[in-house]
Protein chains: 2
Amino acid sequence: MQPAANKEKVAIIGSGNWGSTASKIIGRNVHNFDEFDKEVKMWVFEEMINGQKLTDIINTKHENVKYLPNIKLPPNVKACPDLVETCRDATVLVFVLPHQFIREVCKDLLGKIRPDAKAVSLVKGVDVSESGLTLISDLIKQHLNIRSVSVLMGANIANEIAEELFSESTIGFTDADDAAVIKKIFNTPYFRVSCVNDVAGVEICGALKNIVALGAGFVDGLRYGDNCKAAIIRLGLLEMKKFAQMFYSGVRDETFLESCGVADLITTCSGGRNRKVAEAMVTTGESLSALEARMLGGQKLQGTLTAKEVHMILEQKNLTQEFPLFTTIYKIAFEGLPASHLVRDL
Amino acid sequence: MQPAANKEKVAIIGSGNWGSTASKIIGRNVHNFDEFDKEVKMWVFEEMINGQKLTDIINTKHENVKYLPNIKLPPNVKACPDLVETCRDATVLVFVLPHQFIREVCKDLLGKIRPDAKAVSLVKGVDVSESGLTLISDLIKQHLNIRSVSVLMGANIANEIAEELFSESTIGFTDADDAAVIKKIFNTPYFRVSCVNDVAGVEICGALKNIVALGAGFVDGLRYGDNCKAAIIRLGLLEMKKFAQMFYSGVRDETFLESCGVADLITTCSGGRNRKVAEAMVTTGESLSALEARMLGGQKLQGTLTAKEVHMILEQKNLTQEFPLFTTIYKIAFEGLPASHLVRDL
């Protein structure tokens, strides 16, 4: 079926826990607006589940039995194992896959998407190389030569949203018209989306929160109590803001009071695997990498990678003293500093 | 013993859980500075404990066995059952007693304290009468005719501080020199005090957080999850800020990122009796007042009183629609609105 030429058409690149949850919202929302094509393709990295293709299971059972079990997906969400086929006709590309696959996906898509396509990234993390820090949204923009890349971040534990429990989220944008389209595919009464003209601020929040979550986990492991944990969250929020405003212009103070800022930081420091593994590091004395392998069943800790990358940048720029919390968390995580120094050195 | 005429001398008015904790910090800190008289008097509302006067127990055992058991107080903290005697020579009056006793205490002290005395209030709440809203600090200032009243608020669960676990706190001041003296008596390596020139902002945070904690408790009772709880905390912080800035001039944005703001709100919405009783209201269907009587053993919920007072003010000024969270919390708490409307009506 050819899409109507003047219709918006959404493709979802990724089908994990968060991607599948996003597909449930988007698959329903496109029915609310005439301007959207009703088919939503979702790229699925093909795998076999009990002798059946995951794409076939999703397309017949309307459930991602591996990554979002027991949640019905709308039937207009079509799982597709071919990346280019998924995205070819799309005007809105939703990136929701792990950071390390972004470059390859962009390479495969370059020149094969519509020239008027826009993107939104739900990807957490930053890209660090010898040339410095790059936002994932900038990486997509550069590698895909696409007109605008927005981001969506917030206090968004996927399973809670899949169950339609209330939450909020934040779109950071550069192009207000594109953001308005993206808001339509995400906003629901139980998933309230706000838009801010600040891609960097929103995206940096989504990356740096995981460093702070390691600190919160150390507090929990040390049994230092609720006052101390709230202090770490507060100091972490201030260092996130300082970092974002030091490295990017136009980052707004108000962004840190959006869902992507203070709210996401609170959920990440309450539950979340970074917090959990950091707590276990203090109580068991094992290394983060050993615990990661043992506790997470193949999943990776975002916080450790981000902590290393951010520390590298701060060292390069001779800024470690200006970020005492990030620096202390790094030293506890990787240089054998006793966890009890977390607050002593602030 | 007469105090040296040019020495600062501290009196603590109140000896509950938080007052006794404050006395431990202050009793030690006065030894660190030449300018302080080493005796710190603490007013204790006399009561008999197993046939012994509480003041005698504190002055011999150096422990407030009723309100802060198992914590040694410094021997230079002298419990005194006479309010005027406690305060007569003091240059720094630390108010740390329930809101409802403030007027009476000020009446008893008026004209009987040093003319150069300054005060700091650790009292939570606001005073509401037909004439409107009054800050507790203003109430003290007016009723005691005293030169300056600072406030100290933060993520400060007393027992954790008494055990010397790390926390932060915020002094809101109008007189910077007075604030510097007050900071000296409170600041320690485990209790880090910052000063902001914003009494109203700091004090309003300390009062309004308890309304938000009721909302957080409703979320917990509804089992709405971490995303929703973070959203309520975030929206609560924004309404606290809006309220403070609407009713008081000079309230600073940054104050809400201090310990008195976001950090205290986080601890109050994690633990705390307002949260706990509000959760029980949802799960049991009983009223807040019935649960308060049953669960708190005579202690009072600050949040319910503040929610009523704030709602009265908002109704008077026709502002309920501008504060949808505060208003919805009030209606759930007192007007039979189902708790599930908490997020529906936002």
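As recorded in an unreviewed UniProt entry, chain A goes by the name Glycerol-3-phosphate dehydrogenase [NAD(+)], listed as coming from Catenaria anguillulae PL171. Checking UniProt for chain A, the heading Catalytic activity (unreviewed entry) contains the comment "sn-glycerol 3-phosphate + NAD(+) = dihydroxyacetone phosphate + NADH + H(+)". Check the Sequence similarities (unreviewed entry) section of the UniProt entry for chain A; it says "Belongs to the NAD-dependent glycerol-3-phosphate dehydrogenase family."

Novice: Outline the overall build of chain A, supporting the account with residue identities and numerical values.
Specialist: When helices and strands are tallied, chain A shows 15 helices and twelve strands. A globule of 346 residues ought to have a C-alpha radius of gyration of about 20 Å, and chain A, at 20 Å, matches this closely. Seen along its three principal axes, the alpha-carbon backbone of chain A occupies a region of about 65 × 45 × 40 Å. Scored against the burial criterion, the 346 residues of chain A give a buried share of 61%. Approximately 13,500 Å² of chain A is accessible, and the part contributed by carbon and sulfur atoms is 48%.

Novice: Residues and numbers for the pattern of salt bridges, please.
Specialist: The tally for this structure, following the rule as stated, stands at 48 salt bridges over all chains. For Glu47 of chain A, the salt bridge goes to Lys66 of chain A, with nearest N and O atoms at 2.7 Å. Within this pair, whereas Glu47 of chain A is found in the loop between strand E2 (40–43) and strand E3 (48–49), its partner Lys66 of chain A is found in the loop between helix H2 (54–61) and strand E5 (77–80), the two being separated by 19 residues in sequence. We classify Lys66 of chain A as partly exposed; its relative accessible area is 42%. A salt bridge links Asp220 of chain B to Lys229 of chain B; its shortest N-O distance comes to 2.9 Å. Like Lys229 of chain B, Asp220 of chain B is buried.

Novice: Any chance you could break down the UniProt feature "binding site: NAD(+)" (unreviewed entry) in chain A for me, citing the residues and the numbers?
Specialist: Residue and element names in this part refer to chain A. Taken from the UniProt record, the annotation "binding site: NAD(+)" (unreviewed entry) applies to Gly14, Ser15, Gly16, Asn17, Trp18, Gly19, Phe45, Phe101, Ala158, Arg273, Lys300 and Gln302. In three dimensions, the annotated residues from a span of 289 residues occupy distinct locations, with a maximal C-alpha spread of 23.8 Å. Of note, Trp18 is situated in helix H1 (residues 17–29). Using a relative accessible area of 14% as the deciding quantity, one classes Trp18 as buried. For Trp18, the contacting residues outside a window of four places in its chain are Val96, Leu122, Leu152, Asn156, Ala158, Ile161 and Phe191. When residues no more than four places from it in sequence are discounted, the contact partners of Gln302 are His99, Lys124, Gly125, Asn210 and Asn274.

Novice: Got a sec to walk through the relation of the copies chain A and chain B? Specific residues and values, please.
Specialist: Expressed as a screw transformation, the operator carrying chain A onto chain B has a rotation angle of 180° and an axial translation of 0.0 Å, and the superposed copies differ by an RMSD of 0.0 Å. On this basis, the relationship between the two copies can be described by a two-fold rotation axis. When the interface residues of chain A are mapped onto chain B, 100% of them again lie at the interface, so the same face is used by both copies.

Novice: Pulling in residues and values, what's your account of the sheet that holds strand E12 (residues 191–196) of chain B?
Specialist: All names here are of chain B. On the basis of which strands lie adjacent, the open sheet formed by eight strands has the order E5-E2-E1-E6-E7-E10-E11-E12 and mixed pairing. Looking along the sheet, the strands with just one partner apiece sit at the ends: strand E5 (77–80) and E12. Averaged over all neighbouring strand pairs, the angle between strand axes comes to 25°, with direction disregarded. As judged from the three bridges shared by strand E7 (residues 118–121) and strand E10 (residues 149–153), these two strands associate in the parallel manner. Bridge pairing in E10 links Ser121 to Val151. Sheet strands in contact with helix H5 (residues 136–144) are strand E6 (92–95), E7 and E10, and its direction is about 150° off that of E10.

Novice: Explain the interface of chain A and chain B to me, using residue names and the numbers behind them.
Specialist: At the interface, 36 residues of chain A touch 36 residues of chain B. With both chains or domains summed, chain A and chain B bury close to 2,900 Å², and 61% of this area falls on carbon and sulfur atoms. Taken together, the connections running from chain A to chain B amount to four salt bridges. One salt bridge in this structure joins Glu258 of chain A and Arg234 of chain B, with 3.8 Å as the shortest N-O distance. In this structure, the connection of chain A to chain B is made through 14 residue pairs in polar contact (both at pLDDT 80 or more). For the side of chain A that touches chain B, the secondary-structure elements that each account for two or more residues are helix H6 (158–162), strand E11 (167–172), helix H9 (225–247), helix H10 (259–270) and helix H15 (341–344) of chain A.

Novice: Which residues make up the side chain of Ser137 of chain B, and what are the values?
Specialist: Looking at the element boundaries, Ser137 of chain B is found in helix H5. Not counting the four nearest positions on each side in its chain, Ser137 of chain B is found in contact with Val149, Val151, Val199 and Glu203 of chain B.

Novice: Go over helix H7 (residues 176–186) of chain A with me, naming the residues and quoting the values.
Specialist: Residue and element names in this part refer to chain A. Inspection of H7 places Asp178, Ala179, Val181, Ile182, Ile185 and Phe186 among the buried residues, and these make up the whole buried set. All buried residues of H7 fall inside an arc of 160° around its axis, so they share one side. Backbone nitrogen of Asp177 and a side-chain oxygen of the N-cap are separated by 2.9 Å at the start of H7; the cap is Asp175.

Novice: Describe the packing of helix H11 (residues 273–284) of chain A against helix H12 (residues 288–295) of chain A, and please don't skip the residues or the numbers.
Specialist: Residues and elements named next belong to chain A. At a closest axis distance of 9 Å, the pairing of H11 and H12 adopts a crossing angle of 120°. By the angle between their directions, the pair H11 and H12 is classed as oblique. Here H11 and H12 pass one another in a crossing that is right-handed. Of the residues in H12, those in contact with Lys276, Val277, Ala278, Ala280, Met281 and Thr284 of H11 are Leu288, Leu291, Glu292 and Met295.

Novice: An account of the sheet that holds E5 of chain A is requested, with residue identities and associated values reported.
Specialist: All names here are of chain A. Judged by pairing direction, the sheet is mixed, and its eight strands sit side by side in the order E5-E2-E1-E6-E7-E10-E11-E12 without closing on themselves. Each edge of the open sheet is held by one strand with a lone partner, namely E5 and strand E12 (191–196). For this sheet, the mean angle separating the axes of adjacent strands, direction not counted, is 25°. Two elements, strand E1 (residues 10–13) and strand E6 (residues 92–95), share four bridges in a ladder whose sense is parallel. What sits directly across from Ile13, in E6, is Phe95. Its contacts with the sheet place H2 against E2 and E5, and it is angled at close to 165° to E5. Sheet strands in contact with helix H5 (residues 136–144) are E6, strand E7 (118–121) and strand E10 (149–153), and its direction is about 150° off that of E10.

What counts, and where the lines are drawn
- Residues numbered from 1 in each chain as written.
- Chains lettered and ligands numbered in written order.
- Predicted model: local features only at pLDDT ≥ 70, side-chain atom pairs only at ≥ 80, totals over all residues.
- Heavy atoms only, no water.
- UniProt positions renumbered as here; feature names shortened; annotations may be inferred.
- Helix = DSSP H or I, 4+ residues; strand = E, 2+ residues; numbered from the N terminus.
- Rg over C-alpha atoms; globule rule 2.2 N^0.38 Å.
- Buried < 20%, exposed > 50% of the residue type's maximum accessible area, 1.4 Å probe, protein only.
- Areas by Shrake-Rupley, 256 points an atom, 1.4 Å probe, with all protein chains shown as cover.
- Salt bridge = Lys/Arg side-chain N within 4 Å of Asp/Glu carboxyl O.
- Contact = heavy atoms within 4.5 Å.
- Least-squares fit on C-alpha atoms with pLDDT ≥ 70 in both.
- Pairing = 2+ DSSP bridges.
- Axes fitted to C-alpha atoms, helices over the stretch in contact; angles between N-to-C directions.
- Buried area = accessible area lost by both parts, 1.4 Å probe.
- Polar contact = N/O pair within 3.5 Å; in protein donor to acceptor, adjacent residues only side chain to side chain.
- Arc of directions from axis to C-beta.
- Parallel < 35°, antiparallel > 145°, perpendicular 65-115°, else oblique.
- Left-handed = near helix turned anticlockwise from the far one by under 90°.

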